[in-house]
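Inside the fold
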Amino acid sequence: MSSRYLKRLERQRQEESPTPQVESEDESVPVAEPKFNAFALLNEGDDDDDDDDDDDDDDVKEDTKPSPAPVKSPQRSQSPNVSTASKKSKKKKSKKKAKPVVVSDSEESSDGEFDRILAEARKQNLASATATPEPSAAAEDDGADEFEYEEEYDATDEPVAEYDSNFKYFTTSRVKQSIPILNLSSVKDLDPDHELRNLFGNLSLESIEDANTTTSLSTPPEVLAQFKRLARLTRGWCGKDRRGVPGTTRKLLLSKIRDDWLPTAQKPMQMEEIPKNRVTDYYEYKEDTAELEELEYRINREYKMGVRWFRFDKLMTIPERVANTRFYASVVMTPDPDSLMQLLQSHPYHAETLLQVAMVLLRQGGDKSVSYALIERCMFVFDRSFSKHFHELLQAGKTGLIRLPYESFMSRQFYLCLFRNIVALGERSTFSTSLAFCKFLLALSPAEDPVGVRYFIDHYAIMAQEYKWLVRFCDSPLVTTYKRWNTPGIAYSVVVAYLKLGEKKSALEALDRAYHAHPYTAICLLQQIGVPDAGAGYNATVEEKVSTETYLVRASAVWEEAEHQEFLRKNLLQLFKYDPPQSQPGAKRSITQSVFDMLGMGSNEDIDNALPYNLIRFAILSGEAKIMAKLPQEVFGRDDVLEYDVLPPELAPDDYDVHTGSIKSRLVDRLLDYVDQGLLGTIIQQRTQDTDFEEMIRNIEGIEVESEHEE
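Residues numbered from 1 in each chain as written. Predicted model: local features only at pLDDT ≥ 70, side-chain atom pairs only at ≥ 80, totals over all residues. Heavy atoms only, no water.

The chain appears in an unreviewed UniProt entry as Ribosome quality control complex subunit 1 from Diutina rugosa.

1. So, the overall build of the chain
Note the threshold: Elements are defined by DSSP. Helices are runs of H or I of four residues or more, strands are runs of E of two residues or more, and each kind is numbered from the N terminus. To be clear on the numbers: accessible area is Shrake-Rupley with a 1.4 Å probe, and residue cover counts the displayed protein chains and nothing else.
The number of helices and strands found in the chain is 36 helices and 7 strands. When the accessible surface of the chain is totalled, it reaches about 36100 Å², and 50% of it is carbon and sulfur.

2. Side note on the pattern of salt bridges
Test applied: For this analysis, a salt bridge means a side-chain nitrogen from Lys or Arg found within 4 Å of a carboxyl oxygen belonging to Asp or Glu. Exposure categories follow from relative accessible area, calculated using a 1.4 Å probe and restricted to protein chains: below 20% of the type maximum is buried, above 50% is exposed, and the middle band is partly exposed.
Across all of its chains, the model carries 25 salt bridges by this definition. In this structure, K256 engages D193 in a salt bridge whose closest nitrogen and oxygen atoms are separated by 3.0 Å. Remark: D193 occurs in helix 10 (residues 192-200) and K256 occurs in the loop between helix 12 (221-233) and strand 3 (269-273); sequence separation between them is 63 residues. Note that E273 and R308 form a salt bridge whose closest N and O atoms lie 3.7 Å from each other. With E273 in strand 3 and R308 in strand 4 (residues 308-314), the pair connects residues that are 35 residues apart, well separated along the chain. The class of R308 is buried, set by a relative accessible area of 14%. One connected set of salt bridges, linked through shared partners, spans D164, K168 and E287.

3. Some thoughts on the sheet that holds strand 4
Worth spelling out the cut-off: If DSSP finds at least two bridges between two strands, the strands pair.
Read from one edge to the other, the open sheet built from 3 strands follows the order 3-4-5, with strand pairing classed as mixed. Looking at strand neighbours, the two that pair on one side only are strand 3 and strand 5 (402-403), the edges of this open sheet.

4. Looking at the confidence of the model for the chain
As a reminder, the rule being used: For every residue, the predictor reports its confidence as pLDDT, a number between 0 and 100. Any two residues having at least one pair of non-hydrogen atoms within 4.5 Å are treated as being in contact.
In this model, the chain carries a mean pLDDT of 78, and residues with pLDDT of at least 70 account for 68%. Every residue in residues 19-110 is under pLDDT 50, and counting partners more than four places away or in other chains gives 99 contacts. Taken as a whole, residues 588-608 scores under 50 in pLDDT and shows 20 contacts with residues more than four places along the chain or in a different chain.

5. Let's talk about the environment of A629
Locating A629 in the fold gives a position in helix 33 (residues 625-629). Look at A629 and you get exposed, because its relative accessible area is 59%. Placed 83 residues apart in sequence, A629 and V546 show a C-alpha to C-alpha distance of 8.6 Å.

6. Thoughts on the packing of aromatic side chains
Which entries qualify depends on this criterion: Pairing of aromatic rings covers Phe, Tyr and the six-membered ring of Trp, with a centre-to-centre limit of 6.5 Å; geometry is then stacked below 30 degrees between planes, edge-to-face above 60, and tilted otherwise.
Overall, the coordinates contain 33 aromatic pairs when judged by the stated rule. Each ring, one from F310 and one from F390, has its centre 5.2 Å from the other, and the planes form 90 degrees; the classification is edge-to-face. Of the two residues, F310 is situated in strand 4 and F390 in helix 19 (residues 388-395); the sequence distance between them amounts to 80 residues. Ring centres 6.1 Å apart and planes at 20 degrees place the aromatic pair Y520 and Y538 in the stacked group. Here Y520 is found in helix 27 (residues 519-528), whereas its partner Y538 is found in the loop between helix 27 and helix 28 (542-558), with 18 residues between them in sequence.

7. Details of the pairing of strand 4
Counting buried residues in strand 4 gives 7 out of 7 residues, a clear majority hidden from the surface. Where strand 3 and strand 4 come together, 5 bridges link them in antiparallel fashion. By the bridge assignment, M271 is partnered in strand 4 with F312. Note: strand 4 against strand 5, 2 bridges, orientation parallel. By the bridge assignment for strand 5, W309 is matched with R403.

8. Observations concerning a nonpolar patch on the surface
The following threshold applies: The patches reported here contain residues having more than 30% relative accessible area and no salt bridge. Joining distances are 9 Å for like charges and 5 Å for nonpolar side chains (Val, Leu, Ile, Met, Phe, Trp, Tyr).
Taken together, the side chains of L230, L233 and L262 present a nonpolar region at the surface, about 270 Å² in accessible area. Within the element layout of this structure, L262 appears in the loop between helix 12 and strand 3. With a relative accessible area of 30%, L262 lands in the partly exposed category.

9. Thoughts on helix 10
Keep this limit in mind: Pairing of N or O atoms within 3.5 Å defines a polar contact, subject to two protein rules: one partner must be a possible hydrogen donor and the other a possible acceptor, and residues neighboring in sequence count only if both atoms are side-chain atoms.
The N-terminus of helix 10 is capped by D191, whose side-chain oxygen sits 3.1 Å from the backbone nitrogen of D193. Residue G201 follows helix 10 closely and has a positive phi angle near 80 degrees.

10. Comments concerning the environment of L355
Secondary-structure assignment places L355 in helix 17 (residues 351-363). Since its relative accessible area comes to 4%, L355 is described here as buried. Residues L355 and S371, spaced 16 residues apart in sequence, show a C-alpha to C-alpha distance of 8.6 Å. Ignoring anything within four residues of it in the chain, the contact list for L355 reads C378, Q413, L416, C417 and R420.

11. Quick notes on the nonpolar core
To be explicit about the condition: Side-chain atoms within 4.5 Å link the members of a nonpolar core, which is a set of buried Ala, Val, Leu, Ile, Met, Phe, Trp, Tyr and Cys residues.
Membership of the largest hydrophobic core comes to 165 residues, with the highest contact counts inside it found for L254, L394, F414, F440 and F473. The leading source of residues in this core is helix 20 (residues 409-427), at 11 residues. When neighbours within four sequence positions are excluded, L254 is seen to be in contact with L190, R243, M379, D383, F386, L394, F414, F437 and F440.

12. Some words on a negative patch on the surface
Applied cut-off: Positive: Lys, Arg. Negative: Asp, Glu. His and the chain ends are not part of the count. By convention, charge coordinates are those of NZ in Lys, CZ in Arg, CG in Asp, or CD in Glu.
Taken together, the side chains of E284, E291, E293 and E296 define an acidic patch exposed on the protein surface. Mapped onto the secondary structure, E296 falls in helix 14 (residues 292-305). Here E296 falls in the partly exposed class, since its relative accessible area comes to 36%.

13. Overview of the packing of helix 25 (residues 488-500) against helix 26 (residues 504-517)
For clarity, the cut-off: Axis definition: a line fitted to C-alpha atoms, over the contacting stretch in the case of helices. Angles run 0 to 180 degrees between N-to-C directions. Roughly parallel means an angle under 35 degrees; roughly antiparallel means over 145; roughly perpendicular covers 65 to 115; every other angle is labelled oblique. Under the scheme applied here, ten amino acids are nonpolar (Ala, Val, Leu, Ile, Met, Phe, Trp, Tyr, Cys and Pro), four are charged (Asp, Glu, Lys and Arg), and all others, including Gly, are polar.
Following both chains from N to C, one finds helix 25 and helix 26 inclined at 175 degrees, their axes separated by 8 Å at the closest point. Regarding the angle of helix 25 to helix 26, the classification is roughly antiparallel. Between helix 25, through A491, Y492, V494, V495, Y498 and L499, and helix 26, the contact on the second element is made entirely by S506, A507, A510, L511, A514 and Y515. Residues of the contact of helix 25 with helix 26, tallied by class, amount to 11 nonpolar, 1 polar and no charged.

14. A look at the side chain of E302
With respect to the helices, strands and loops of the structure, E302 is situated in helix 14. Once you skip the residues sitting within four places of it in the chain, E302 turns out to touch T172, V175, Y283, V307 and W309.

15. Details of the environment of A652
Secondary-structure assignment places A652 in the loop between strand 7 (645-646) and helix 35 (677-688). Residue classification places A652 among the buried positions, given a relative accessible area of 6%. Along the sequence, A652 and L667 sit 15 residues apart, while their C-alpha atoms lie 7.3 Å from each other. Each residue touching A652, except ones within four places of it in the same chain, is listed here: Y285, L667 and V668.

16. Examining the side chain of T280
Mapped onto the secondary structure, T280 falls in helix 13 (residues 276-286). The contact partners of T280, leaving out residues within four places of it in the chain, are L292, E296 and I299.

Shown next as structure tokens:
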């Protein structure tokens, strides 16, 4: 209740009643009106808020009659024109402690009603300081829109069997519930050194520094000395914390600079924040049922939550265009690992080459430390390219608010780099850091989950002993919205989490749910722990076989305790006895389809309907032979299954120019869009003629760099 409003009421009361008189020994002296001092002391600081006083005058213009009843403060939130900033300022002022009002005995005896008004004013000020603000008109409109657009999806309690475009059942209210689960407690969760200090106590800085300076690649000492001289000449490179890069005061968040990395002030890519109207294009590109108005509503709702969209883009400099062309020729046109190694030497920060060479070394059985060092360098390439807003969100641990559409080629490379890094961290037994990166990777696109994080996030949660988080995750909309989101790994690993927490009853209930959701996985688990005849005659679908295998390759580490294995065996056998598993209808279709495949009548469309794309990507990227063996052969016959870009999104029809063969708006782009077609033809021609290919490339790069300097 404002002082101006009380002043007006008191002035009206004084005008209608005679001024009280106080008798003195000499004469009767009118008592001075107490309204000024009393209210000035009561709401000190209100006098300098002219806008608030004017608003209060307007609110009471029509009220000219004094009332003996306690006066209620007008509801400010009912006015839709009051800005949020003004509301906050008024709320802060109402929290100021009211000072006691000094009143003489004569004034106190003169008017008891006035004292009651002051007491009511104090109560109103206290109530306004602690009350929750009422929803504004805009919020009410949002509620009406939500009722119109998302009530049908929110009302669905059971998991949805099939995916729909843009995952509309994963509504904005469910997105809001999921954000805290995907957030990190700190960006330090992404630093393996931080986990090592937690595991082994206070490691000395000298030990960590010694590990960071150790080179994984065979770099000669004289070359390292040259790198150190270049580092001193490259202003802003490295720094004492090994997280400084030229051109910005922001520090690296996901990597540390090594001594054998070539100091450079140039970066091969950049990141930009996608505006809301452009985000609408991404949603509309994948949509087949909803109207544009509904898509815009969803984006606006998520934007109010703080969700932001970003994308990486290549910087099309001449050296980068040459590197793209050479990489495409060495991987797609005529695969040649030797030329890839030469490309890495001349372009040490080309992201695609770093990831591809790392996988080549792993497949050849080379030193894993060298492969992981290349992945770490690739992480540095992306790390130094973060935009300011992306960097701020990540530094605050708000990974749940970051979105990275999978349609951008360089964004897909970032997905791939994070995936490789998670596997590498798991190999080093830094499971907490691996889980943190899993949260980060899933948060980039929680509904689509393009690389299948849900197929191994449970493993890292169990190994990191994050049992409570796994239970929260399993009960969240990130798992319960669609049936396929509740993967075999999540369904059965949460049973172990409950057992670790000592909640046996909850473990039994979770096992029952897992059994009915994934009976084929239960059969395979029983076979692994010594019940070979379990589930005889059960016909599994292709998806059941592949998804189950993604869990079985790591299940032994999760169910390692004999007590837990006995719990699993005993209770699964009871479930088999009283509720035998039934083959799903899709199993018969899969068997029939296999006959058509043998006759050469299969189609890619049938495979697409049987397996989700993210499951195929996960199976290929994992590199696990047992998982890949479960995939249909038709998958490997596709022309878009490339290790550096597995099953990229299809080009949008409006983006492709049929006359020039180029991409107009680059909503969906691929590596070929960044290749120099003339140089690519020259490379292929020279290779077929068996000439000095590398010398030709060096000459081309030298000529182009000179011309660039001349310009």
